[in-house]
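Next come the chains, spelled out residue by residue.
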Amino acid sequence: MTVRTTGADAEVELSVGGMTCASCAARIEKKLNRMKGVTATVNYATEKARVSYGAGVTVPDLIATVEATGYTAREPSPPAADEGRPPEPDALRPLRDRLITAIVLSTPVVAMAMVPALQFEYWQWLSLTLAAPVVTYAAWPFHRAALTNARHGAATMDTLVSVGTTAAFLWSLWALFLGTAGTPGMTHPFEFTVARSDGAGNLYLEAAAGVTTFILAGRYFEARAKRRAGAALRALLELGAKDVTVLLPDGREETRPVTELSVGDRFLVRPGEKIATDGTVVEGSSAVDASMLTGESVPVEVTAGDPVTGATVNAGGRLVVRATRVGADTQLSRMARLVEDAQNGKASAQRLADRVSAVFVPVVIGLALATLGFWIGNGAGAAAAFTAAVAVLIIACPCALGLATPTALMVGTGRGAQLGILIKGPEVLESTRRVDTVVLDKTGTVTTGRMSLVAVHSPGTDETDVLRLAGALEHASEHPIARAVADAALAGLGTLPAPEDFRAVPGLGVQGTVEGHAVLVGRPRLMTDWSLSLPASLARTLDATEAAGHTAVVAAWDGEVRAVLEIADTVKETSPEAIRRLRALGLRPMLLTGDNEAVARSVAREVGIAPDDVIAEVLPQDKVDVVKRLQSRGRSVAMVGDGVNDAAALAQADLGLAMGTGTDAAIEAGDLTLVRGDLRAAADAVRLARRTLGTIRSNLFWAFAYNVAALPLAASGLLNPMIAGAAMAFSSVFVVGNSLRLRTFRAA
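Note that the structure is predicted; figures quoted are calculated from it, not measured.

Asks: I keep staring at helix H19 (residues 536-547) and nothing clicks. Help me out?
Replies: Along an α-helix, residues three or four positions apart point the same way, because every turn accommodates 3.6 residues. With 12 residues, H19 ought to run about 16 Å at 1.5 Å a step, and its terminal C-alpha atoms sit 17 Å apart, in line with that. For H19, every residue scored as buried is listed here: Leu538, Thr541, Leu542 and Thr545. The buried residues of H19 occupy one face: seen down the axis, they fall within an arc of 105°. Residues Ala536, Arg540, Asp543, Ala544 and Ala547 are exposed on H19 and point more than 90 degrees away from its buried face. Close packing links the buried residues of H19 with strand S17 (447-457), helix H18 (524-529), strand S21 (551-557) and strand S22 (560-571). Positive phi shows up at Gly549, right after H19, with a value of about 85°.

Next comes the structure, spelled out in structure tokens:
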């Protein structure tokens, strides 16, 4: 069971069984919301109820309310228990068995009714024999749901199906035993066309059996599609390792289930194995393949001190990792939770569809009775009137309305998870449509967030000598700027000599002896303290470097200043392309940073953001004010950030996109999470969200249009019940199929 506490309220997610349509979900939701202090959302597609409840209400109380409504509810099993879940085909087997029975028995019934040549002397009695199991056994789920609802004074779409098929079957029984339809040699002039019945056909066995078969087929394909739509979430949960090799304090290795791993445990990851949980590398180096989790195709090189994520694959050497997060705290679990939360939510368009479905059934039953009375009153005959009334009952089932949003949402969020894009909820989709401005945090979002050596200015001195001597001294320091120099030197030279007499000068730099040379590396003031002056050319370089907003480090040895090293937080290689993609989506990109104006303008120029769209030297607490100011000007703002100081702005923005490589606070505050930390994913996320919303809207349009167009045809007697049943089933399958097209979405 998932129980979360939010302020004074607790929140639980229940698995609900027995729902057969959107009206069922609406009815359960209504009953739960009548409880004091309870706010519930019931999702037909995911078969989940998310309930927020206050003091005085317990989870057993909620379950009892659902069961009193005629359905089942239980506390969902934790993810670790999913291994015991029955295989996927078993869950569909009862429905598939009924469908096969219906197809086998109803096919000859429909054929005999449609083809006069097959109507031998006692064909009508064989039709009754074959149709009876279809209308009773195969259609039993509809009848059972209708009876349960009737006991509670409610009507759902199952009521329509049950009443329609039962009425057709009972009429046929009356005609056979008390009318003239049972006469040997009677023929049935039934035609599978859209035309008004002339009242001559007294048997409706083919309608009862055919409608049952078509609707069962629709339900079966719906159920199968729902399982396919949720496959991304199940695959996400199954990505993690099942066992882990723990290194004990005495050096021994012990294999344990990953569920027994604790924070601080050291575990071994051999080449080809999955990393068991989130942690930090303490020994070894390797390339880690994170493509399954983040969509990033290039393996990431890691060594001691680097963080690694659970469920990624060790593609190279032997690693020893210290666990930093386990269980529900891992990135994989958080991703799964975000995806499931999103799939359980409802868009405002779907809430409207639910309200329509809740009142639709009694209206349709009333319309069917009115249709029956109208045609009888106009002398059309009982048979023609009955045909029209049953067609109204069957065609009206708004199953497609109940599936329009959940299926698109499940497929869209599932596909997003596969691409490293986590959509928190359906309301996010509506936000993406309105957004016209995207505010980008600089550090860690547009830039790497790490200091790097971008240039070595050393007129008259070999650059290799500068890197070897300065890099050797900086390699002994832990300062971020020193690390940038040392990493660049190691990358270029492979190895560095060991310094002697190393000493750090706080706030200024480092000094020591390397290969017999007295070396100084640090700020210009360190050179001044040693009475060293910069040559004119290097002084100009120093001024230009600082004017560009970069950090200048001066290197000197043997009493002479030799070089200026230019250090900067470098722009991510993908950022310029990401800005172009955001512009192509109609968004205006703006850069927001606490850095100085020169740094901000330099980064903006490099990625293609206009100078007028740069907001620099903003204090962390003031970022939210910038977003509010833009909103007050009529802008709909998306915010992209990765730090704790971005959390408030992410929450304030109309659409918050958090970089998954950032802090937990930012991720929790955002509406969308970009797992890869690649800004191009922001454009992909907006495209996916907009396409998912478009799919929902097209689903709802066709579902509504179908009912609006078909009801008048049915009421006017131009649609026989079997065609109505086929059309109704097709509408549901169409909606699911349209949603499944989202699985083909590709990152640009």
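Asks: In this structure, what is going on with the confidence of the model for the protein chain? I would like to understand it.
Replies: Detailed reading of predicted coordinates is not advised where the pLDDT is low. Averaged over every residue, the pLDDT of the protein chain is 79; the share at 70 or more is 80%. For residues 79-89, every residue scores under 50 in pLDDT, and the model assigns this stretch nine contacts once sequence neighbours within four places are set aside. The low-confidence segment residues 190-201 (pLDDT under 50) makes 28 contacts with residues lying over four places distant or belonging to another chain.

Asks: Before we go on, may I ask you to explain unusual backbone geometry in this structure?
Replies: Note on backbone geometry: most residues besides glycine have negative phi, and most peptide bonds are trans. Its identity is not glycine, yet Asp501 carries a phi of approximately 50°, on the positive side. Following the sequence through the fold, Asp501 ends up in strand S18 (residues 500-505). On the basis of relative accessibility, which here comes to 63%, the residue Asp501 falls in the exposed class. Of note, the phi angle at Glu515 is positive, near 50°, even though the residue is not glycine. Relative to the elements of secondary structure, Glu515 occurs in the loop between strand S19 (509-514) and strand S20 (517-522).

Asks: Is there a simple way to explain the packing of aromatic side chains in this structure?
Replies: Aromatic ring pairs are reported here in terms of the distance separating the ring centres and the angle at which the planes meet. Inspection of every chain in the model, using the stated rule, returns four aromatic pairs. Here Phe701 and Trp702 contribute two aromatic rings whose centre-to-centre distance is 5.2 Å and whose plane-to-plane angle is 75°, an arrangement assigned as edge-to-face. Ring plane angle 80° and centroid distance 6.2 Å describe the contact between Trp702 and Phe734, whose orientation is recorded as edge-to-face. Separated by 32 residues along the polypeptide, Trp702 in helix H25 (residues 680-715) and Phe734 in helix H26 (residues 721-740) bring together distant segments of the chain. Trp702 sits in the partly exposed class, given a relative accessible area of 47%. A relative accessible area of 33% means that Phe734 is categorised as partly exposed. Taken together, the ring pairs connect Phe701, Trp702 and Phe734 into an aromatic cluster.

Asks: Quick question: what am I supposed to make of the packing of helix H20 (residues 575-584) against H25 here?
Replies: Running from N to C, H20 and H25 point in directions that differ by 25°, and their axes come no closer than 7 Å. Between H20 and H25, the angle is such that the two are roughly parallel. Crossing of H20 over H25 shows left-handed handedness. On H25, the residues touching Glu577, Ala578, Arg581 and Leu582 of H20 are Arg680, Ala682, Ala683 and Asp684. The class makeup of the residues in the contact of H20 with H25 is four nonpolar, no polar and four charged.

Asks: Sorry, what's going on with the nonpolar core here?
Replies: Within soluble globular proteins, side chains that are nonpolar tend to cluster in buried spots. Membership of the largest hydrophobic core comes to 49 residues, with the highest contact counts inside it found for Leu440, Leu657, Leu672 and Leu679. With 10 residues, H25 is the single largest residue contributor to this core. Those residues within four positions of Leu657 in sequence are excluded, and the remaining contacts are Ala638, Met639, Val640, Gly641, Leu650, Leu672, Leu674, Ala682 and Ala685. By size, the runner-up hydrophobic cluster in this structure holds 35 residues, among which are Leu105, Val134, Ala175 and Met186.

What counts, and at which threshold
- Residues numbered from 1 in each chain as written.
- Predicted model: local features only at pLDDT ≥ 70, side-chain atom pairs only at ≥ 80, totals over all residues.
- Heavy atoms only, no water.
- Helix = DSSP H or I, 4+ residues; strand = E, 2+ residues; numbered from the N terminus.
- Expected span 1.5 Å × (residues − 1).
- Buried < 20%, exposed > 50% of the residue type's maximum accessible area, 1.4 Å probe, protein only.
- Arc of directions from axis to C-beta.
- Contact = heavy atoms within 4.5 Å.
- pLDDT = per-residue confidence, 0-100.
- Phe/Tyr/Trp six-rings, centres within 6.5 Å; stacked < 30°, edge-to-face > 60°.
- Axes fitted to C-alpha atoms, helices over the stretch in contact; angles between N-to-C directions.
- Parallel < 35°, antiparallel > 145°, perpendicular 65-115°, else oblique.
- Left-handed = near helix turned anticlockwise from the far one by under 90°.
- Nonpolar A, V, L, I, M, F, W, Y, C, P; charged D, E, K, R; others polar.
- Core = buried A, V, L, I, M, F, W, Y, C linked by side-chain atoms within 4.5 Å.

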